[in-house]
Amino acid sequence: MHAVNLSVSDGEKAVLTFCFAQSSDAMYFKEFKLSNSDCMAKPVIFVTDICEDPDDALALILALASPEIGVKLVVTSDEKDGKRAAFARALLDALGSSNIPVVRGHESIKEGSGAVIEKVFGSTGILARTKIPEEKDYVSTIRQTVKQNPGISIISVGTFVELADLARREPEIAGSVGVTLMGGALNYHKPGKAEHNVRYSISDITGIDSKPVINAAMDLFTSRMNLRFVLGDTTFMPDKIGITKDSETYKLFDGLGSTAAALVQANMDAFFEKYYKVSIMHDPLTVASMLGDSIVEFGDKKIAMGETGEMREAGNAVEGMVLRQLKVSTNANYSEFMQLFSQRISALVLKSAQNELKVLERKEEVTKVKIK
Ligand SMILES: [Ca+2]
């Protein structure tokens, strides 16, 4: 794919955008403009619980760095007073994507969530200077974005409350949009528990019938939405797609000094301190599944889900589980993914750092001229 695109934006200032991509080998260049351009890009809405596990921030960077897709809207989930939305806003701005709107999702329905975001807010002044996006009706915003972008699809790498709300309030819109989501597991590494994104979509608070007041996992599973699951069985590969403090990906951000690098590094450091020494790239692998057919393989399977969010293949279903035919991930090419991931995020992060430096140098020049 390659294209030259001349567009007019920002007060009739012409912006020349050059896009070039070579099959799936990750070779690409985008000159003159950092943000996602529209050239041949498939529009997507990105739903994320950003600033907990740092893989969300890295997934967003991968999406922005990928010419095959164009992010039209970011919706946060598992919100903590709009702080995830503020983090997304700051990261997008730092990467030259101020044109992409961010809408706050539903407040967290789970006790104990949000430890990382609180720590990151306390550790970097960048977020203190970022305006927290105002509360808005996220379902209306999603509907509007879907109507404005024919053929749009949704990548969900957070919890499911917003998608379940969309399915309930706008069933026609919801039914018209394909959703690729990270979540669910058929053989979860914590036996008897539901996978994280599924579990965090089911509220702790129970109603009079002892069922959770919100069960967005079951609501989504039983909705008419066209769902494609990138399962934890495929993504939980710490040895193959895990990032630690010794990884090249960590070193890319460490000490680079740009705003984007500082945000991502603060996120990684807080996660490593609060939770685990490795962050597994569940969410970037999910984004990569949208970039061609070679990285993640999918198959059609009959899947069962229980009230607790536990998922099984139909053959192992127990009483009370609901059955549905679904597209689920069956395998992935991890080395191809890591190569594409590393190349693309480095290109965007380094380019944005260079641009930030140029702006600073220009400001210094202006100051010097004024002093003279
Ligand atoms: Ca996530």
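Keep in mind that this is a model prediction, so the values were computed, not measured. (Residues numbered from 1 in each chain as written. Predicted model: local features only at pLDDT ≥ 70, side-chain atom pairs only at ≥ 80, totals over all residues.)

Enquirer: Please explain the overall build of the protein as it appears in this structure.
Expert: Across its full length, the protein holds 15 helices and 14 strands. Counting the 372 residues in the protein, one finds 47% classified as buried. Within the protein, counting contacts between residues at least 6 apart in sequence, those at least 24 apart form 77% of the total. (Helix = DSSP H or I, 4+ residues; strand = E, 2+ residues; numbered from the N terminus. Buried ≥ 20, exposed ≤ 12 C-beta atoms within 10 Å, placed from the backbone. Contact = placed C-beta atoms within 7 Å.)

Enquirer: In this structure, what is going on with helix α2 (residues 83-94)? I would like to understand it.
Expert: Within an α-helix, residues lying three or four positions from one another point in the same direction, as the helix has 3.6 residues per turn. Counted at 1.5 Å a residue, the expected span for α2 with its 12 residues is 16 Å, and the 16 Å between its end C-alpha atoms agrees. Across the 12 residues that make up α2, a large majority, 11, are buried. After α2 finishes, the residue Gly96 shows a positive phi value of roughly 75 degrees. (Expected span 1.5 Å × (residues − 1).)

Enquirer: Would you explain the pairing of strand β8 (residues 178-182) in this entry?
Expert: Every other side chain in a regular strand lies on the same face of the sheet, so the side chains alternate between the two faces. Of all five residues making up β8, four are buried, and the element is well covered by its neighbours. Of the pairings in the sheet, the one linking strand β7 (residues 153-156) to β8 comprises three bridges and is parallel in character. Its bridge partner being in β8, Ser156 is matched across the sheet by Leu181. (Pairing = 2+ DSSP bridges.)

Enquirer: Hey, could you run me through the environment of Ala167 in this one?
Expert: When you line up the elements, Ala167 lands in helix α6 (residues 161-169). For Ala167, a count of 23 C-beta atoms within 10 Å translates into the label buried. Along the sequence, Ala167 and Arg224 sit 57 residues apart, while their C-alpha atoms lie 7.5 Å from each other.

Enquirer: Just checking my understanding: could you explain the pairing of strand β9 (residues 226-230) for this structure?
Expert: Sheet topology note: the β8/β9 ladder contains five bridges and is parallel. Counterpart to Gly178 in the pairing with β9 is Asn226. By the bridge criterion, two bridges tie β9 to strand β14 (residues 322-332) in an arrangement that is parallel. Bridging from a neighbouring strand, Arg228 pairs with Lys327 of β14.

Enquirer: For this particular structure, what's the right way to read unusual backbone geometry?
Expert: Trans is the common state for peptide bonds, and a negative phi is the common state for residues other than glycine. Backbone geometry at Asp78 places phi at a positive 50 degrees, although glycine is not the residue there. You can see Asp78 is positioned in the loop between β5 (69-76) and α2. A positive phi angle is found at Ser210, which is not glycine, with a value near 65 degrees.

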